[in-house]
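Working through the structure, step by step
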Amino acid sequence: MEDVLYGFLKRNLPGLEDRFEFDISPDMGEAFCLSWRGDRLFVRAGSKVNAVHGIYEYLKKYCCAQLSWCGNRELHITELPRFDGEFSRSWPQKYRVYMNYCTLDYSMCWWDFERWEKEIDFMAMNGINMPLAVVGCEAVWFETLLEFGFSEKEALSTISGPAFWAWQMMTNIEGYMRPESRDYVYERLELGRKILKRYLEYDMHPIQQGFSGHVPVLMKKKFKKASIKLKASWCGFAKTAQLDPLDPLFQKMGAAYLANLKSLFGFYSFIACDPFHEGHPPKPQASYLAAVGRAIDKMYRDFDESSVWVMQAWTLREHIVKAVPKERLLLLDLNSKSTPAHSNMWGYPVVAGMLHDFGGKNPMQGKLEEHSKNIYLTLKNGGANVLGSGLFMEGIEQNPAVYDMQFELLTLPDALDLDEWLRDYIKRRYGHFSETLYRAWLMLLETCYKSEGYSENNVGSCLASRPQLMPAWTGLSCRVKKYYDFERLEEAAALFCSAADEFSGSDGYQYDLCDILRQAMSNRFYTNEAAYRDAYKARDAKKTRALMEEQLELLSDMDALLSHRSELCLSRWLHDANALAENEREREYFELNARTLITIWGDYYSDHPHLFDYAWREWSGMIGGYYKKRWQMFYEECQKHLENKTPFFFIKGNSYPGRLAARKFKFGRKLGEFETKWCLLRSNEKAPVDSDVVPDARALIKKWSIGGKSRS
């Protein structure tokens with residue numbers, strides 16, 4: 001038996017390792033076929049990924065299995081049901097791509113190899129065969145800079161920290177929260193090598209990080225004759241430098257980078273780079289852009305004739321694309337909107353993508369009916385040269401139903417029947433079908449999971465917003481508004497909870513009950529805040545005090561509720577950051593990264609924290625230790641001015657200009673000082689443990705009249 005397949009079985013189906021036989025035949029292509037040979041399940045497939053995908057499809061169909069990041073995080077299979085004949089499938093998607101650069105930091109930056117191993121198994125089960133493979137490429141950057149005259153200290157100063165490295169790979173920043181020791185670089189290298197090795201063992205096609213001319217600003221001083229220009233600031237951060245792809249130094253440095261990549265990791269054909277990502281080229285002329293395309297393609301082709309340039313369609317430039325032969329370019333349409341907007345990518349091969357979540361935030365949201373139509377099928381029927389499907393979310397570990405559907409669509413050529421899928425999902429998610437849970441889910445499809453009236457990347461949270469009378473935005477881009485009937489979602493929460501006696505032993509049920517109630521209570525905070533605004537404007541100090549106390553109590557109750565689920569705890573995030581570190585100094589450094597990313601995203605006292613609250617999280621610990629304290633500061637200030645009949649001078653702080661302007665006022669400075677100090681805190685968090693959410697859920701539904709009328 002193949003070692004990687006045996007290892008998969010041992011980790012995921014312990015005790016059943018000897019009940020399988022495998023025949024991996026590349027001639028089968030993108031397919032699997034399962035049948036019984038005596039007491040063994042015989043798995044034939046075109047690759048090891050496809051074999052594992054076939055096993056998971058069998059487990060879903062015959063064992064009612066459902067694996068997720070959020071509840072149901074392990075398989076519990078003790079026997080293998082038999083079936084007659086063969087169970088087989090094939091699919092047209094040659095490539096099933098996984099991960100956005102941002103996913104690596106918003107969700108994965110504190111993973112050790114044990115956690116990566118689980119994820120890679122999960123990828124294989126869902127048929128993913130083209131994952132992003134860029135963990136550890138700090139070492140490639142570091143060693144290349146040493147070749148070009150940088151000291152170790154200078155090279156280290158250009159590397160961004162573990163929670164921000166993704167944006168350096170996307171050419172947006174340089175040296176933000178830089179590490180102090182070269183040891184960090186080689187720790188990342190070791191982890192990246194283990195990840196890549198496992199990808200290859202599974203017959204996956206890893207996408208490695210290429211070179212697009214993003215270089216340290218210091219290069220301008222070291223190579224004064226080279227054409228190196230500063231790019232416009234990204235989100236207010238310091239400008240970065242771009243080496244012109246037409247400068248001779250570009251080919252020289254690119255070749256050195258690729259040689260180091262091969263030396264440190266090996267080279268596996270698919271190489272990613274996005275010239276002028278989220279920025280502007282130094283020259284807009286078509287002839288210049290075409291020359292850039294040819295230059296980058298030449299660099300890759302000269303290094304390895306089999307190389308394929310993988311380019312995101314996020315900031316696509318037609319003339320760069322058209323300068324590259326079609327067989328040498330693969331375009332990733334992250335949200336599948338660029339393909340129809342650009343003449344079906346002019347016939348270039350494209351991967352149809354789903355981009356569901358910005359920042360790793362966790363509101364219940366996702367256009368399930370729209371997703372069920374299968375964007376791969378839509379683009380293909382529209383005439384595009386679609387070679388595969390991809391999941392390009394910025395963060396994972398939220399909205400399990402959305403991802404269960406999306407993973408299924410990766411190897412599905414047709415649309416899904418939404419009702420049929422939902423009934424099957426309920427059975428797999430909770431252990432058996434329930435008419436009560438089905439009716440609750442229909443309510444969720446009417447509300448948070450409806451397919452119209454909102455952008456599923458930009459749903460905001462009132463409680464996670466910077467406090468003001470009625471926040472319009474959470475951070476830079478999440479709109480705070482009533483997108484659906486909140487009372488209807490509360491009805492769904494109460495109905496869902498009514499099935500607790502039947503399903504309390506289901507881990508999927510436990511998580512979903514907690515999450516649905518979290519969303520209902522978050523919505524209630526919004527509703528109450530609208531009442532608070534009206535009372536404040538009416539100068540009703542008695543009513544504002546009552547509402548203040550209610551809002552703070554609601555936040556405390558939410559914080560306690562979410563503590564039952566480790567997936568919804570800040571302590572898990574901080575514990576994992578500390579556990580990954582090799583020493584105390586690194587633990588302090590990692591925790592600063594971890595806290596900053598999900599809050600201010602930058603230094604409050606400088607002019608570059610455009611992305612503050614972009615990665616908000618309705619988590620236990622975040623609500624009680626950060627959001628509640630901000631609101632308490634705000635409410636107490638409001639109350640003081642109401643009762644003293646004095647004006648409250650405070651600029652709304654949710655827009656970036658408003659946030660900067662707020663620093664001119666005493667309370668704005670006070671709020672900013674709290675946020676910054678919170679990021680500097682140190683914890684000794686233990687890994688959180690799941691506990692029964694049902695008693696608290698029932699008590700809170702009764703206390704807050706969830707599904708009934710608001711107490712206010």
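In case you missed it, the structure is sitting above this.
Since we're looking at a predicted model, the values are computed, not measured.

Rules of the game
- Residues numbered from 1 in each chain as written.
- Predicted model: local features only at pLDDT ≥ 70, side-chain atom pairs only at ≥ 80, totals over all residues.
- Heavy atoms only, no water.
- Pairing = 2+ DSSP bridges.
- Helix = DSSP H or I, 4+ residues; strand = E, 2+ residues; numbered from the N terminus.
- Axes fitted to C-alpha atoms, helices over the stretch in contact; angles between N-to-C directions.
- Salt bridge = Lys/Arg side-chain N within 4 Å of Asp/Glu carboxyl O.
- Buried < 20%, exposed > 50% of the residue type's maximum accessible area, 1.4 Å probe, protein only.
- Core = buried A, V, L, I, M, F, W, Y, C linked by side-chain atoms within 4.5 Å.
- Contact = heavy atoms within 4.5 Å.
- Expected span 1.5 Å × (residues − 1).
- 1 Å grid on protein atoms, 1.4 Å probe; cavity = no way out; pocket = protein on both sides within 12 Å on 5 of 7 lines; lining within 4 Å.
- Points joined across faces, edges and corners; volume = space filled by probe spheres on them.
- Nonpolar A, V, L, I, M, F, W, Y, C, P; charged D, E, K, R; others polar.

1. Side note on the sheet that holds strand 2 (residues 31-37)
Pairing is mixed in the open sheet, where 4 strands are placed in the order 1-3-2-4. At either end of the open sheet lies a strand with only one pairing partner, and these are strand 1 (20-24) and strand 4 (86-90). Recorded for the sheet is a direction-independent mean angle of 15° between the axes of neighbouring strands. Two elements, strand 2 and strand 4, share 5 bridges in a ladder whose sense is antiparallel. Within strand 4, the position partnered with Cys33 by the bridge is Ser88.

2. Quick word on the pattern of salt bridges
Opposite charge on two side chains permits them to pair, given that their charged atoms come into close proximity. This model, assessed by the stated rule, comprises 51 salt bridges. Notably, a salt bridge pairs Glu446 with Arg488, separated by 2.9 Å at the nearest N-O pair. Residue Glu446 is found in helix 18 (residues 435-446), and its partner Arg488 is found in helix 19 (residues 486-497); the two are separated by 42 residues along the sequence. With a relative accessible area of 25%, Arg488 lands in the partly exposed category.

3. Side note on the nonpolar core
For soluble globular proteins, the rule of thumb is that nonpolar side chains tend to be buried together. Ranked by size, the top nonpolar core spans 262 residues in total, and within it Tyr98, Trp116 and Trp441 carry the most contacts. Sort the elements by how many residues they give to this core and helix 21 (residues 507-537) lands first, with 14 residues.

4. Side note on the sheet that holds strand 5 (residues 95-98)
A sheet is described by the order of its strands in space; here 8 strands give the open sequence 6-5-15-14-13-12-11-7, paired in parallel fashion. A single partner strand is all that each edge strand has here, and the edge strands are strand 6 (130-131) and strand 7 (207-209). Relative to strand 13 (residues 329-333), strand 12 (residues 308-312) runs parallel, the two being bridged by 4 bridges. Across the sheet, Gln312 pairs through a bridge with Leu332, a residue of strand 13. Against the sheet, helix 16 (residues 400-409) contacts strand 5, strand 14 (350-354) and strand 15 (386-391), and its axis sits at roughly 160° relative to strand 15.

5. Topic: helix 24 (residues 584-597)
Taking 1.5 Å per residue as the helical rise, helix 24 with its 14 residues ought to reach 20 Å, and the 20 Å between its terminal C-alpha atoms agrees with that figure. Buried residues of helix 24: Glu586, Tyr589, Phe590, Glu591, Asn593, Ala594, Arg595, Thr596 and Leu597, and no others. Of the surrounding secondary structure, the elements contacted by the buried residues of helix 24 are helix 3 (103-106), helix 7 (165-169), helix 8 (182-201), helix 23 (570-580) and helix 27 (666-679).

6. Remarks on the layout of surface pockets
For the second largest pocket, the calculated volume is near 520 Å³. The wall of the second largest pocket is formed by 26 residues, among which Asn335, Gly353, Glu370, His371 and Glu456 lie closest to the centre. Elements represented by at least two residues in the lining of the second largest pocket include exactly strand 14, helix 14 (368-372), helix 15 (375-381), strand 15 and helix 16. Taken together, the residues of the lining of the second largest pocket sort by class into 11 nonpolar, 10 polar and 5 charged.

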